[in-house]
Amino acid sequence: QVQLVESGGGLVQPGGSLRLSCAASGFTFSTYTMSWYRQAPGKERELVATITRTGGSTNYADSVKGRFTISRDNAKNTVYLQMNSLKPEDTAVYYCAAVRSVTYWGKGTLVTVSS
């Protein structure tokens, strides 16, 4: 049974940091590209960051470039999203996704940036 379980969300003040984790099981994690998406209230889901199977290449949305860092640990079947200098517009539900010929999704974790 495929599972992606996100954790690490919560309430943080503007300028603060959070580290999201996504624990994977039920598939061969190291053979999947991993991505983080987010969906803010009333908006479409958007791609935030992607990391290749070995972690050798990453890509970011322009809105988070220089502030967010995606990483993975294939030994732990986990992908991370380090989020620094958070802004109110980063408020959203954050989802991890495992991408190959099919895409698996987690259920998301809520990040709220507010003073």
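So, here is what we can say about the structure in this document. Being a predicted model, the structure only gives us computed values, none of them experimental.

Here we come to the environment of Glu89. Tracing the backbone shows Glu89 in the loop between β8 (78–83) and β9 (92–99). In sequence terms Glu89 and Pro14 are 75 residues apart; their C-alpha atoms lie 9.6 Å from each other.

By size, the foremost hydrophobic cluster in this structure holds 29 residues, and its most contacted members are Trp36, Val79, Leu81, Met83 and Tyr94. Those elements that provide at least two residues to this core are β3 (18–25), β4 (33–39), β5 (46–51), β7 (68–73), β8, β9 and β11 (109–113). Setting aside its immediate chain neighbours within four residues, Met83 contacts Gly16, Ser17, Leu18, Leu20, Arg67, Phe68, Tyr94 and Val111.

With that out of the way, let us pick up the sheet that holds β8. The antiparallel open sheet is built from four strands, whose spatial order is β1-β3-β8-β7. With partners counted over all chains shown, the strands left at the sheet margins are β1 (3–7) and β7, one partner each. Put simply, the sheet's adjacent strands are angled 15° from each other on average, direction ignored. As paired strands, β7 and β8 are joined by six bridges and run antiparallel to one another. Opposite Arg72, over in β8, you have Val79 as the bridge partner.

All told, the structure shown has one disulfide when counted by the stated rule. Each disulfide pairs two cysteine sulfurs, and for Cys22 the partner residue is Cys96, the sulfurs being separated by 1.9 Å. On the criterion of sequence distance, the pair formed by Cys22 in strand β3 and Cys96 in strand β9 is long-range, its members being 74 residues apart. Take Cys96: its relative accessible area is 0%, and that puts it in the buried class.

The next point concerns the side chain of Arg38. Mapped onto the fold, Arg38 is located in strand β4. A residue is classified by how much of its surface remains accessible, and Arg38, at 6% relative accessible area, is buried. Looking at Arg38, its side chain comes within polar contact range of the side chain of Asp90, at 2.9 Å. A distance of 2.9 Å separates a polar atom in the side chain of Arg38 from a polar atom in the side chain of Tyr94. In this structure Arg38 touches Glu44, Arg45, Glu46, Val48, Ser63, Val64, Phe68, Glu89, Asp90, Ala92, Val93 and Tyr94, once residues within four positions along its chain are discounted.

Conventions we followed
Residues numbered from 1 in each chain as written. Predicted model: local features only at pLDDT ≥ 70, side-chain atom pairs only at ≥ 80, totals over all residues. Heavy atoms only, no water. Helix = DSSP H or I, 4+ residues; strand = E, 2+ residues; numbered from the N terminus. Core = buried A, V, L, I, M, F, W, Y, C linked by side-chain atoms within 4.5 Å. Buried < 20%, exposed > 50% of the residue type's maximum accessible area, 1.4 Å probe, protein only. Contact = heavy atoms within 4.5 Å. Pairing = 2+ DSSP bridges. Axes fitted to C-alpha atoms, helices over the stretch in contact; angles between N-to-C directions. Disulfide = S-S within 2.5 Å. Polar contact = N/O pair within 3.5 Å; in protein donor to acceptor, adjacent residues only side chain to side chain.

Read these as geometric descriptors, not functional statements.
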